[in-house]
Amino acid sequence: ATPTQAPPEVVATEAPAPEATAVPPAEPFRVAVVMPSSIADLAFSQSMYDALLAVQEEMGGAENFEIAYSEGMFVIEDAAAAIRDYASQGFDLVIANAENAADGAGLTARLATRLLDCGADVLTTGNHVWRHSDLVPLLEMSERVLRPANLGGVGAPGRGLTVVAASSGPLIAVINLQGGLFMD
């Protein structure tokens, strides 16, 4: 007979805990908006701000989606300075409502180029978009200057929707829509 050996004793031990690795918190996506009126204007500025708040909530709060804004930017020099400041602070996306940049009514090609050169990623316009005819060629060739998507009908110059690359890399869609409440 062959001697039988007892099986080796099995001792259960806990697996060593994985080493903790420090994961730096992700940086929030930062959007800045420069607008001529108040965020409580019952018009473009408020609708833009309210939409950004909805996106912020969808993205999980301010720690993931930061919103900054400058309101009351009726003077072109003030708007340009605000845009430069946001761009220099590294905001991922800078949007300016340039609707009334040309002395309170519309936008000229020269002013649009100036605001874009200051660091705006996208310029939006409104019901005065057709006031200055020199803007039409820029609307047709630039993907960064938007007319209201629902203004002008089929074949109208320009576009109301664009997709731009944010400074941090992701592609972001921006749509410009014109409301009709309190319009002249």
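Structural data are supplied above this passage.
Presented here is an overview of the structure given in this document. (Residues numbered from 1 in each chain as written. Predicted model: local features only at pLDDT ≥ 70, side-chain atom pairs only at ≥ 80, totals over all residues. Heavy atoms only, no water.)

1. A look at the pattern of salt bridges
1) Next: Counting across every chain of the model gives two salt bridges.
2) Next: The shortest N-O distance in the salt bridge between R30 and E66 comes to 3.3 Å. Separated by 36 residues along the polypeptide, R30 in strand β1 (residues 29-34) and E66 in strand β2 (residues 65-70) bring together distant segments of the chain.
3) Next: Among the ionic pairs, R114 bridges to E77, the shortest N-O distance being 3.9 Å. Of this pair, R114 sits in helix α3 (residues 109-118) while E77 sits in helix α2 (residues 76-88), placing them 37 residues apart in sequence.
4) Next: Judged by its relative accessible area of 30%, R114 falls in the partly exposed class. (Salt bridge = Lys/Arg side-chain N within 4 Å of Asp/Glu carboxyl O. Helix = DSSP H or I, 4+ residues; strand = E, 2+ residues; numbered from the N terminus. Buried < 20%, exposed > 50% of the residue type's maximum accessible area, 1.4 Å probe, protein only.)

2. Observations concerning the pairing of strand β6 (residues 161-165)
1) Next: Burial of the side chains of β6 is restricted to one face: T162 and V164 are buried, whereas none of L161, V163 and A165 on the reverse face is.
2) Next: Bridge analysis of β6 against strand β7 (residues 171-175) gives five bridges, and the strand direction is antiparallel. Counterpart to L161 in the pairing with β7 is I175.
3) Next: As consecutive antiparallel partners, β6 and β7 are separated by five residues, and within that stretch G169 has a phi angle of approximately 120°, a positive value. (Pairing = 2+ DSSP bridges.)

3. What about the packing of aromatic side chains?
1) Next: Counting across every chain of the model gives three aromatic pairs.
2) Next: Ring centres of F29 and F65 lie 6.1 Å apart, and the angle between their planes is 15°; on these two criteria the pair is classed as stacked. Linking F29 in strand β1 with F65 in strand β2, this pair joins segments that are 36 residues apart in sequence. Pair check on accessibility: F29 and F65 agree, each one buried.
3) Next: With a centroid separation of 5.1 Å and 70° between ring planes, the pair formed by Y49 and Y69 is classed as edge-to-face. Here Y49, found in helix α1 (residues 44-58), pairs with Y69, found in strand β2; they are 20 residues apart in sequence, far enough to count as distant. (Phe/Tyr/Trp six-rings, centres within 6.5 Å; stacked < 30°, edge-to-face > 60°.)

4. Some points on the pairing of β2
1) Next: Relative to β2, β1 is paired through six bridges, and the arrangement is parallel. Note that in β2 the partner of V31 across the bridge is I67.
2) Next: Handedness of the β1-α1-β2 crossover: right-handed. (Right-handed = clockwise from strand over helix to strand, strands pointing away.)

5. Some details on unusual backbone geometry
1) Next: Unlike most non-glycine residues, L42 shows phi in positive territory, near 60°.
2) Next: Of note, L42 is situated in the loop between β1 and α1.

6. Some remarks on α1
Two residues of an α-helix separated by three or four positions point the same way, owing to the 3.6 residues in each turn.
1) Next: Across its 15 residues, α1 extends 21 Å between first and last C-alpha, which sits within 8% of the 21 Å expected from 1.5 Å per residue.
2) Next: For α1, the complete set of buried residues consists of S45, M48, Y49, L52 and Q56. Seen from one end, α1 has its buried residues packed into an arc of 95°, which puts them on one side. Structural note: α1 exposes E57 and E58 on the side pointing more than 90 degrees away from its buried face.
3) Next: In this structure, the buried residues of α1 make contact with β1, β2 and β3 (93-97).
4) Next: Taken from the residues just after α1, G60 is the one with a positive phi, measuring 100°. (Expected span 1.5 Å × (residues − 1). Arc of directions from axis to C-beta. Contact = heavy atoms within 4.5 Å.)

Function-wise, these values are silent; they only describe arrangement.
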